[in-house]
Amino acid sequence: MTSLASKFRLPQERTLRTALPGPRSEELAARRRAAVAAGVGSSVPVYAVDADGGVIVDVDGNSLIDFGAGIAVTTVGASDPDVAAAVAAQAARFTHTCFMVTPYEDYVAVAEKLNALTPGDHEKRSVLFNSGAEAVENAVKIARTATGRDAVVAFDNAYHGRTLLTMALTAKTMPYKAGFGPFAPEVYRMPMSYPYRDPLGDDGVAAARRAITQIENQIGAKSLAAIIIEPIQGEGGFIVPAPGFLQTLVDWARENGVVFIADEVQTGFARTGSWFACDHEGIVPDLITMAKGIAGGMPLAAVTGRAELLDSVHTGGLGGTYGGNPVACAAALAALDVMERDDLSGRARAINDRVTTRLSALADEVGVIGEIRGRGAMIAVELVKPGTTEPDPVLTKAIAAAALAQGVVILTCGTHGNVIRLLPPLVIGDELLDEGLTVLEDAIRAAAA
Ligand code: PLZ
């Protein structure tokens, strides 16, 4: 990894020049309060001016270690030189024509690439959008057209977005749903496999049978268009279902003509140590939704899947003004090349080894770590009251705040808000990773004491 250090513009170091937030960030926060809707929150109160590799520089000249990657987006870094060059070159030619008006090659090239990279050897098609939520909405539209059925199954702890249908699919009310109903109909929620908290524990097949029995009793397979699931749940707490859970659901869906949709918006593109989280268990979804890491930070999303499903929709039924924007497509082609060239999946696995070794040692030392889990560079620390499995969201918040005060950006998640999640850019160097971990460990120790 050190060989890559030379490619960074910014020093890969943590430097604190002011308390956080500094005075210039405070000024911007005041302007923001008068100009920006209060409904938009920010987990970190400092304003960015630059970002590269594993660091974010703020308006006060502080250099922070980035363990969030803008919620799993800047996998290749926030200003990868190849991505930046591809964006500049495409913007200098044309920023937009609208693929539905005058198509262009890069959209086709991204579709070809996604068809090749996603799980399964079957004939595939792809369609491009702007956001993860939009990809999820469209996957459901495709499943409904293809099956002629209405119902959709989602799971406990699920996160699929903030639009009307995806809010309905999302499980957690605060902050995502409260006050925003009525929600889209024909969405049914089923129990998830959550080994740490589920009485069925590591028995994924039994957990899947439990969900299938409820589906058959409450909906009936003949009314069900799709099952949608994150193969590792993201916002819900980085929950890795027990082995066999996903495959049992896939098999049942296939036997019953139900479309199995894997929402890989957060898990996709090398993040979990392979191209997709489905790859770890050999799961082949019928449709897969993608966004976030796909385009080095440019807004792009996609649905890829079985050709007969995608092609069942009438021409003109799928689209949008900006979907598959040419600048975003150019960025995606560059970002995907970087992931391949630098084996960022391998890097994600190495990050996992490094981080979990250290955090496991810490878990033996402090009584507040209930579980460390995840795959690749998608790692969760679930925090509980000592000697129990009772979630401790207050402690979790305190740890994230303490780490930030020391210049490390740490995000939280989980249905109970008691999970620290680590999602560093995959290009982060070992030294910076270690330094950020030391800060996090000290914050956990201090909060637990
Ligand atoms: N599906 C699995 O993780 C986005 C949301 C942050 P958009 N997750 C981050 C927030 O509070 O809004 C996400 C996801 C999964 C869908 C989405 C939605 O993706 O690009 O945010 O629409």
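What you see is a predicted model; the values in this text were computed from it and never measured.

Novice: An account of unusual backbone geometry is needed here, citing residue identities and associated values.
Specialist: Residue P21 follows L20 across a cis peptide bond; omega there is -5°. Here P21 shows up in the segment before α1 (23–35). Cis geometry marks the peptide bond from M174 to P175; its omega dihedral reads 5°. With respect to the helices and strands, P175 occurs in the loop between α6 (164–169) and β6 (187–190). The backbone phi angle of A72 is positive, close to 70°, even though this residue is not glycine. Along the chain, A72 turns up in helix α2 (residues 69–72).

Novice: Go over the sheet that holds strand β3 (residues 63–66), please, and point to the residues and values.
Specialist: The strand order across the open sheet formed by 4 strands is β1-β2-β3-β13, and the pairing between neighbours is mixed. Looking along the sheet, the strands with just one partner apiece sit at the ends: β1 (48–52) and β13 (408–409). Of the pairings in the sheet, the one linking β3 to β13 comprises 2 bridges and is parallel in character. The partner of I65 across the bridge, within β13, is V408.

Novice: Tell me what's going on with the site of the ligand, and back it up with residues and numbers.
Specialist: Neighbouring the ligand are 15 residues, the closest being G132, A133, R162, D263 and Q266. A distance of 3.4 Å separates a nitrogen atom of the ligand from a polar atom in the side chain of E235. A distance of 2.7 Å is found between a nitrogen atom of the ligand and a side-chain nitrogen or oxygen belonging to D263. Expressed as a share of its isolated accessible area of 510 Å², the protein-covered part of the ligand is 81%.

Novice: Which residues make up the nonpolar core, and what values go with them?
Specialist: Membership of the largest hydrophobic core comes to 98 residues, with the highest contact counts inside it found for I142, I261, F269, L287, L300, I410 and L422. No other element matches the 12 residues that helix α10 (residues 326–341) contributes to this core. In terms of domain composition, this core takes at least three residues from each of domain 1 (2–66 + 343–448) and domain 2 (84–341). Once residues within four sequence positions are removed from consideration, I142 is found in contact with V127, L287, V303, L309, L310, S312, V313 and L318.

Novice: Explain α1 residue by residue, including any values.
Specialist: With 13 residues, α1 should reach 18 Å at 1.5 Å per residue; the first-to-last C-alpha distance of 19 Å fits that figure. Along α1, the residues classified as buried are S25, L28 and A29. Buried residues of α1, viewed axially, fall in a sector of 105°; they line one side. In this structure, α1 carries P23, R31 and A34 as exposed residues pointing more than 90 degrees from its buried face. In this fold, the buried residues of α1 make contact with β2 (55–58).

Novice: With reference to specific residues and values, describe the side chain of E264.
Specialist: Relative to the assigned elements, E264 resides in the loop between β8 (259–263) and β9 (287–290). Among buried charged residues, E264 stands out as having no salt bridge; its nearest opposite-charge side chain is R375, 9.4 Å away. For E264, the side chain forms a polar contact with the main-chain nitrogen of C278, separated by 2.8 Å. The contacts of E264, once residues within four sequence positions are left out, are P231, F276, A277, C278, I288, T289 and M290.

Novice: Residues and numbers for the pairing of strand β7 (residues 224–229), please.
Specialist: Here β7 lies mainly inside the structure; 6 of its 6 residues are buried. Direction of pairing for strand β5 (residues 151–155) relative to β7: parallel, over a ladder of 3 bridges. By the bridge assignment, V153 is partnered in β7 with I227. When β7 meets β8, the two strands line up parallel, connected through 4 bridges. Its bridge partner lying in β8, I229 is registered against A262. The β-α-β motif built from β7, the intervening helix α8 (residues 245–255) and the parallel element β8 has right-handed crossover chirality.

Novice: Tell me what's going on with the sheet that holds β7, and back it up with residues and numbers.
Specialist: One open sheet holds the 7 strands; their spatial order is β4-β10-β9-β8-β7-β5-β6, and the pairing between them is mixed. Looking at strand neighbours, the two that pair on one side only are β4 (124–129) and β6, the edges of this open sheet. Between one strand axis and the next, the sheet turns by 20° as a mean value, whatever way the strands run. Bridge count for β9 against strand β10 (residues 301–306) is 4 bridges, and the pairing is antiparallel. By the bridge assignment, I288 is partnered in β10 with T304. Docked against the sheet, helix α7 (residues 204–218) engages β5, β6 and β7, running at close to 145° with respect to β6. Packing of α8 onto the sheet brings it into contact with β5, β7, β8 and β10, and relative to β7 it is tilted by some 165°.

Novice: So what's going on with the packing of helix α4 (residues 105–117) against α10? Which residues, and what values?
Specialist: Contact pair α4 / α10: the axes reach a minimum separation of 9 Å and the direction vectors enclose 35°. Considering only the axes of α4 and α10, their crossing is left-handed. When α4 is examined against α10, the residues D106, Y107, A109, V110, K113 and L117 are found in contact with a partner set consisting of P326, C329, A330, A332, L333, L336, D337 and E340. A class-by-class count of the residues in the contact of α4 with α10 yields 10 nonpolar, no polar and 4 charged.

Novice: Report on the packing of helix α11 (residues 344–365) against helix α13 (residues 430–448), specifying residues and quantitative values.
Specialist: Direction vectors running N to C along α11 and α13 enclose 25°, while the axes themselves pass 11 Å from each other. Relative to α13, the element α11 is oriented roughly parallel. Crossing of α11 over α13 shows right-handed handedness. Contact residues: R347, I351, R354, V355, R358, L359, L362 and E365 in α11; D430, L433, D434, L437, T438, L440, E441, I444 and R445 in α13. Grouping the amino acids of the contact of α11 with α13 by side-chain chemistry returns 8 nonpolar, 1 polar and 8 charged.

Reading the values: rules and limits
Residues numbered from 1 in each chain as written. Predicted model: local features only at pLDDT ≥ 70, side-chain atom pairs only at ≥ 80, totals over all residues. Heavy atoms only, no water. Helix = DSSP H or I, 4+ residues; strand = E, 2+ residues; numbered from the N terminus. Pairing = 2+ DSSP bridges. Near = heavy atom within 4 Å. Polar contact = N/O pair within 3.5 Å; in protein donor to acceptor, adjacent residues only side chain to side chain. Areas by Shrake-Rupley, 256 points an atom, 1.4 Å probe, with all protein chains shown as cover. Core = buried A, V, L, I, M, F, W, Y, C linked by side-chain atoms within 4.5 Å. Buried < 20%, exposed > 50% of the residue type's maximum accessible area, 1.4 Å probe, protein only. Domains from an automatic or database assignment. Contact = heavy atoms within 4.5 Å. Expected span 1.5 Å × (residues − 1). Arc of directions from axis to C-beta. Lys, Arg positive; Asp, Glu negative; His and termini not counted. Salt bridge = Lys/Arg side-chain N within 4 Å of Asp/Glu carboxyl O. Right-handed = clockwise from strand over helix to strand, strands pointing away. Axes fitted to C-alpha atoms, helices over the stretch in contact; angles between N-to-C directions. Left-handed = near helix turned anticlockwise from the far one by under 90°. Nonpolar A, V, L, I, M, F, W, Y, C, P; charged D, E, K, R; others polar. Parallel < 35°, antiparallel > 145°, perpendicular 65-115°, else oblique.

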